[in-house]
Amino acid sequence: MLKNILRYLGITVSAVTYAVGIALFLNPNHLAPGGISGIAIIIDSLLPFSVGVGTLILIFNIPIMIAGAWKFGLRFLFSSIYAVILSSLAIDYLPKITGVAAVTTDQMLSAVIGGALLGASMGIMFRLNSTTGGIDIIVKILRQYFPYLKSGQLAFMMDAVVVALSVLAFGQIEVGLFAGIAIFISSHVLNKTLYGFDEATLLYIVSRQRELLEEKILNDLEIGATMLKARGAYSKDEMEVILCVIRRQNLPKIRNLIRKYDAKAFVIVSSAQQVFGEGFQDQYKPEI
């Protein structure tokens, strides 16, 4: 019961955050951030009478929500309907309640902050097995068939089409460029929200002090390591290479340790976007 209450509390905060990004940053500056919200902003600006961007988002989401319910089940349906209704109402009523039509009229600032708010809110929604509707649901469906593509990448591709339409609708290339910035930031923040804490650093360490470094890494830093058998291509010498996967914040510690005990060690450092197993991500956890 408590877990469900906390889940809906998170959904509520995310939905309002999403609405703030649309209502107080992007929509007042005619920035269409892709997806259903972007389409709604374009159509609302072209209509001789305004029904509200939030209302249009709600209307457009009805068939998409039906598809989402069919694909992901009733639990998904209820939380997403709640999120869509709440965010849509908040988009239309936040300016009236707060008395603020736009936090800023600077399009660059609006693109950066608005995009970040959208990306963070969508990422949290995805983690809570819910969405703000629209592209979010389409992305979740496509992820079932294209798991090698990240959610942010899929959203970015579809949003590009909406940006092109916004340029045609508003007749200003600058509007499309700023909207593109908002989408880029939204996509980046979305990926960081979903995958950022799972990212790690991968190290290959070739050292003549291999045994000493191995001991220090295991005992002093309490970091696991794997020894890989290798052979020098030029020298033909047999050797072992230390393989470590560490949290990013531990990189300075292990580099200082290597400098201390073998300043001539050959070290390769690369990013490991997702790591499954002990101490990292559960490999049985469903893909987001």
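This structure is a prediction, so every number in the text was calculated from the model and none was measured.

### Focus: the overall build of the chain
The helix and strand tally for the chain stands at 10 helices and four strands. Listed N to C, the secondary structure of the chain is α-α-α-α-α-α-α-α-β-α-β-β-α-β in terms of helices and strands. Relative to the 2.2 N^0.38 estimate, which gives 19 Å for 288 residues, the radius of gyration of the chain is 24 Å and therefore markedly larger than a compact globule would have. For the C-alpha atoms alone, the extent of the chain along its principal axes is close to 80 × 45 × 35 Å. Here the chain holds 288 residues, and 43% of them are scored as buried. If you average the places of the 24 positive and of the 20 negative side-chain charges in the chain, the two averages end up 2 Å apart.

### Some words on a nonpolar patch on the surface
On the surface, M1, L2, I5, L6, L9 and V13 cluster together into a nonpolar patch covering about 680 Å² of accessible area. With respect to the helices, strands and loops of the structure, L2 is situated in helix α1 (residues 2–26).

### Examining the pairing of strand β3 (residues 238–246)
Along any regular strand the residues' side chains alternate between the sheet's two faces. With five bridges connecting them, strand β1 (residues 200–206) and β3 associate as antiparallel partners. Looking across to β3, one finds that I205 is bridged to I242. In terms of strand pairing, strand β2 (residues 226–231) meets β3 through six bridges, oriented antiparallel. By the bridge assignment for β3, T226 is matched with L243. Between β2 and β3, which follow one another and run antiparallel, lie six residues, and K236 among them has a positive phi close to 65 degrees.

### Notes on the pattern of salt bridges
The tally for this structure, following the rule as stated, stands at four salt bridges. For E211, the salt bridge goes to R210, with nearest N and O atoms at 3.6 Å. Its relative accessible area of 56% is what places E211 among the exposed residues. The exposure class assigned to R210 is buried, which follows from its relative accessible area of 18%. The partner of R210 in a salt bridge is E214, and the shortest N-O contact between them spans 2.9 Å.

### Some points on the packing of aromatic side chains
The geometry of an aromatic ring pair is captured by two quantities: the separation of the ring centres and the angle between the planes. Under the counting rule described, the total for this entry stands at one aromatic pair. Ring geometry for Y8 against Y82: centres 5.5 Å apart, planes inclined by 65 degrees, an arrangement best described as edge-to-face. With Y8 in helix α1 and Y82 in helix α4 (residues 74–98), the pair connects residues that are 74 residues apart, well separated along the chain. Residue class for Y82 comes out partly exposed when judged on its relative accessible area of 32%.

### Digging into unusual backbone geometry
Not every positive phi belongs to a glycine, and H30 is a case in point at roughly 55 degrees. Of note, H30 is situated in the loop between α1 and α2 (35–46). According to the relative accessible area criterion, H30 is partly exposed, its value standing at 38%. A positive phi angle is found at E222, which is not glycine, with a value near 55 degrees. Within the secondary structure layout, E222 lies in the loop between α9 (210–219) and β2. The class for E222 is exposed, based on a relative accessible area of 68%.

### A few points about the side chain of R210
Checked against the element boundaries, R210 lands in helix α9. Here R210 is in contact with M227, E240 and I242, once residues within four sequence places are set aside.

### Thoughts on the sheet that holds β2
For sheets, the rule is that strands pair by backbone hydrogen bonds, running either parallel or antiparallel. Taken in spatial order, the four strands make up an open sheet running β2-β3-β1-β4, and their pairing is antiparallel. Of all strands in the sheet, those bounded by a partner on one side alone are β2 and β4 (266–272). Averaged over all pairs of adjacent strands, the angle between strand axes in this sheet comes to 25 degrees, irrespective of strand direction. In the sheet, β1 pairs with β4 via seven bridges, with the strands oriented antiparallel.

### A closer look at the environment of S87
Secondary-structure assignment places S87 in helix α4. Placed 45 residues apart in sequence, S87 and T132 show a C-alpha to C-alpha distance of 7.2 Å. Setting aside residues up to four positions removed in sequence, S87 forms contacts with A15, Y18 and A19.

### Observations regarding the side chain of D92
Take D92: it is sitting in helix α4. No salt bridge forms around the buried D92; measuring N to O, its nearest opposite-charge neighbour K96 is 6.9 Å away. Among the polar contacts listed, one links the side chain of D92 to the side chain of T55, at a separation of 3.0 Å. Each residue touching D92, except ones within four places of it in the same chain, is listed here: V51, G52, V53, G54 and T55.

Analysis parameters
Residues numbered from 1 in each chain as written. Predicted model: local features only at pLDDT ≥ 70, side-chain atom pairs only at ≥ 80, totals over all residues. Heavy atoms only, no water. Helix = DSSP H or I, 4+ residues; strand = E, 2+ residues; numbered from the N terminus. Rg over C-alpha atoms; globule rule 2.2 N^0.38 Å. Buried < 20%, exposed > 50% of the residue type's maximum accessible area, 1.4 Å probe, protein only. Lys, Arg positive; Asp, Glu negative; His and termini not counted. Charge placed at Lys NZ, Arg CZ, Asp CG, Glu CD. Patch = residues over 30% accessible without salt bridge, like charges linked within 9 Å, V, L, I, M, F, W, Y side chains within 5 Å. Areas by Shrake-Rupley, 256 points an atom, 1.4 Å probe, with all protein chains shown as cover. Salt bridge = Lys/Arg side-chain N within 4 Å of Asp/Glu carboxyl O. Pairing = 2+ DSSP bridges. Phe/Tyr/Trp six-rings, centres within 6.5 Å; stacked < 30°, edge-to-face > 60°. Contact = heavy atoms within 4.5 Å. Axes fitted to C-alpha atoms, helices over the stretch in contact; angles between N-to-C directions. Polar contact = N/O pair within 3.5 Å; in protein donor to acceptor, adjacent residues only side chain to side chain.

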